[in-house]
Amino acid sequence: MKANFLISAVCLALLSLTSPAWAGEGHDHGEEAPATNSNGPQRLPDGSVFLPKPAQRQIGVRTLPLETAELPRSLELAGKVVMDPNAGGKVQAVLAGRLEAGPRGFPSIGQAVKKGEVLAYVVATGDVLERANQAAQLAQLRAAKQLADQRLGRLRELSDTVPRKDIEAAASEAASLAAQIAALNSGVNARDALLAPVSGVIASTNAVAGQVVDARELVFEVVDPSRLRIEALAYNLNQAADVAGATLAVGSERVPLTFIGAARSLREQALPMLFQGEGSALSRLAVGQPVKVFVQTASRTQGIRVPAASLMKNAANQSVVWIKTAPEHFEPRPVTFVALDGVSVAVTSGLQDGDRVVTQAATLINQIR
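Residues numbered from 1 in each chain as written. Predicted model: local features only at pLDDT ≥ 70, side-chain atom pairs only at ≥ 80, totals over all residues. Heavy atoms only, no water.

Draft legend 1. Quick look at the sheet that holds strand S5 (residues 88–92). Spatially, S5-S12-S10-S7 is the arrangement adopted by the four strands of the open sheet, whose pairing is antiparallel. In this open sheet, the two edge strands, each paired with only one partner strand, are S5 and strand S7 (112–113). Pairing geometry for strand S10 (residues 200–205) and strand S12 (residues 218–223), over four bridges, is antiparallel. The residue bridging isoleucine 202 from the neighbouring strand is valine 222, located in S12. (Pairing = 2+ DSSP bridges. Helix = DSSP H or I, 4+ residues; strand = E, 2+ residues; numbered from the N terminus.)

Written out as structure tokens, the structure reads:
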């Protein structure tokens, strides 16, 4: 009996715990969805973004006031990095042979070298028949020189009875044979020193110990990374006559370029234009690297300078910038723009003077949903 009573009590207690609890009249919330946090970043129905001040400080939002100005019309040309002929050079083998290391060993890529430094040696090699002929000729010359030395010695011993001209002739013959032997020796054991043409760094190397190279084969390439040139291709011939300046964007840094000149012959229906740049930013570029050159023309246009990093894409794939319209309110503005210098663009429509454009953290604002 006691056991049945205990089981009944436990069951009643469990039923009381699992039964639903009903709120009093006037205190229920009906079918409402859970309340959202209205103080967090959110995209508003009109497409703008509400971003509280703490969130702005956390993601590092920065803005910049805008002002209309006369800006130069710019052209974006495809180009590549080329070597400055006065600050770079190629090291080629003059004769065919086998490579040997220089005093400091074979230089590696990126190693600094000085002008005139020995980078490697090329030991001349020939076919077996040619080397055999040279060895036979060298043996004949050595035998002839030995006889000439002996004859010269006998004539000098008889200098009192032998005419002086005979002694001089024998001495001249012995000297001539010695010079021929030296010349043939240098040809048989020829070793051409490969010297650095300029001071700089090794841009490319194809040298390994024991490698056999042909004459005129490229072995090393030396460049000065702080002095490079940029070659751009213009498909409109009038563009070469309207160059007021040029820039190159290396990351977020703007590198000014000096226009050297344009070619007078076409290359694949394009006119090569050469620019020169100097500075530490160019050291991050490699010879042959494709780049974009922004050429400023003499003509000007009305526009608003905006950092290129401020340009975003909306859901319709339009170019937009984010404008700060209130302390915690940001609005996207569709704009049209033209290239300026690689770091900035000139906005021609969509903005007004006094607008504050987001220059930092625009990507994060554009991702808020």
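Here the narrative resumes, following the displayed structure.
Draft legend 2. Looking closely at the pattern of salt bridges. In total, this model carries ten salt bridges according to the counting rule given. Ionic pairing is found between glutamate 168 and arginine 164, a salt bridge with its closest N-O pair at 3.4 Å. Taken together, the positions of glutamate 168 and arginine 164, both in helix H4 (residues 164–188) and four residues apart, correspond to about one turn of that helix. Residue classification places arginine 164 among the exposed residues on the basis of a relative accessible area of 65%. Between arginine 267 and glutamate 231 there is a salt bridge, with its nearest N and O atoms 2.7 Å apart. Of this pair, arginine 267 sits in the loop between strand S15 (253–262) and strand S16 (271–278) while glutamate 231 sits in strand S13 (residues 227–234); the two residues are 36 residues apart in sequence, bridging distant segments of the chain. Judged by its relative accessible area of 39%, arginine 267 is partly exposed. Overall, glutamate 231 belongs to the buried group, its relative accessible area being 14%. A network of salt bridges, in which partner residues are shared, links Asp84, Arg227 and Arg229. (Salt bridge = Lys/Arg side-chain N within 4 Å of Asp/Glu carboxyl O. Buried < 20%, exposed > 50% of the residue type's maximum accessible area, 1.4 Å probe, protein only.)

Draft legend 3. Here's a closer look at the nonpolar core. Counting 21 residues, the largest nonpolar core has Ile230, Leu248, Leu257, Phe275, Leu285 and Val293 as its most contacted members. Listed by contribution, the elements that provide at least two residues to this core are strand S4 (68–83), S13, strand S14 (245–250), S15, S16 and strand S17 (290–307). Broken down by element, the residue count for this core peaks at four residues, all from S13. When neighbours within four sequence positions are excluded, leucine 285 is seen to be in contact with Val81, Leu228, Leu248 and Val250. Of all hydrophobic cores here, the second largest spans 16 residues; its members include Ala93, Leu99, Ala120 and Ile202. (Core = buried A, V, L, I, M, F, W, Y, C linked by side-chain atoms within 4.5 Å. Contact = heavy atoms within 4.5 Å.)

Draft legend 4. Highlighting the packing of aromatic side chains. Within this structure, the stated rule accounts for one aromatic pair. Measuring from ring centre to ring centre gives 5.3 Å for phenylalanine 259 and phenylalanine 275, while their planes differ by 50 degrees; the resulting arrangement is tilted. Within this pair, whereas phenylalanine 259 is found in strand S15, its partner phenylalanine 275 is found in strand S16, the two being separated by 16 residues in sequence. For phenylalanine 259, a relative accessible area of 29% puts it in the partly exposed group. Owing to a relative accessible area of 0%, phenylalanine 275 belongs among the buried residues under this scheme. (Phe/Tyr/Trp six-rings, centres within 6.5 Å; stacked < 30°, edge-to-face > 60°.)

Draft legend 5. Just the layout of surface pockets, in detail. Space inside the largest pocket adds up to approximately 170 Å³. Taken together, Ile109, Gly110, Val201, Ile202, Ala203, Val223, Pro225, Leu228, Ser283, Leu285, Ala286 and Val287 make up the full set of residues lining the largest pocket. Here the lining of the largest pocket takes three residues from S10, the largest share from any one element. A class-by-class count of the residues in the lining of the largest pocket yields ten nonpolar, two polar and no charged. (1 Å grid on protein atoms, 1.4 Å probe; cavity = no way out; pocket = protein on both sides within 12 Å on 5 of 7 lines; lining within 4 Å. Points joined across faces, edges and corners; volume = space filled by probe spheres on them. Nonpolar A, V, L, I, M, F, W, Y, C, P; charged D, E, K, R; others polar.)

Draft legend 6. Spotlight on unusual backbone geometry. Unusually for a residue other than glycine, arginine 216 sits at a positive phi of about 70 degrees. For arginine 216, the location among the structural elements is in the loop between strand S11 (212–213) and S12. For glutamine 269, which is not glycine, the phi dihedral falls at a positive 65 degrees. Mapped onto the secondary structure, glutamine 269 falls in the loop between S15 and S16.

Draft legend 7. Fine view of the sheet that holds S11. Strand order in the open sheet made by the four strands is S9-S8-S6-S11, with antiparallel pairing throughout. Across the chains shown, the open sheet's two edge strands, defined by having one partner strand only, are strand S9 (191–195) and S11.

Draft legend 8. Molecular detail of the side chain of glutamate 221. With respect to the secondary-structure elements, glutamate 221 resides in strand S12. Comment: no salt bridge for buried glutamate 221; closest opposite-charge side chain is lysine 90, at 4.8 Å. The contact partners of glutamate 221, leaving out residues within four places of it in the chain, are Met83, Gly89, Lys90, Val201, Ile202, Ala203 and Ser204. (Lys, Arg positive; Asp, Glu negative; His and termini not counted.)

Draft legend 9. The arrangement of the side chain of glutamine 56 in detail. Examined against the element boundaries, glutamine 56 turns out to sit in helix H2 (residues 53–59). Classification of glutamine 56 by relative accessible area gives buried; the value is 6%. A distance of 2.8 Å separates a polar atom in the side chain of glutamine 56 from the backbone oxygen of leucine 51. Every residue in contact with glutamine 56, bar those within four places of it in the chain, is listed here: Leu51, Val61, Lys324, Pro327, Glu328 and Phe330. (Polar contact = N/O pair within 3.5 Å; in protein donor to acceptor, adjacent residues only side chain to side chain.)

Draft legend 10. Broad picture of empty space enclosed by the protein. Applying the stated rule across the entire model yields one cavity of 30 Å³ or more. Empty space within the largest cavity amounts to approximately 30 Å³. If you go around the largest cavity, the residues you meet are Arg104, Gly105, Phe106, Pro107, Gln111, Glu117, Val118 and Leu119. Of the residues contributing to the lining of the largest cavity, the split by class is four nonpolar, two polar and two charged.

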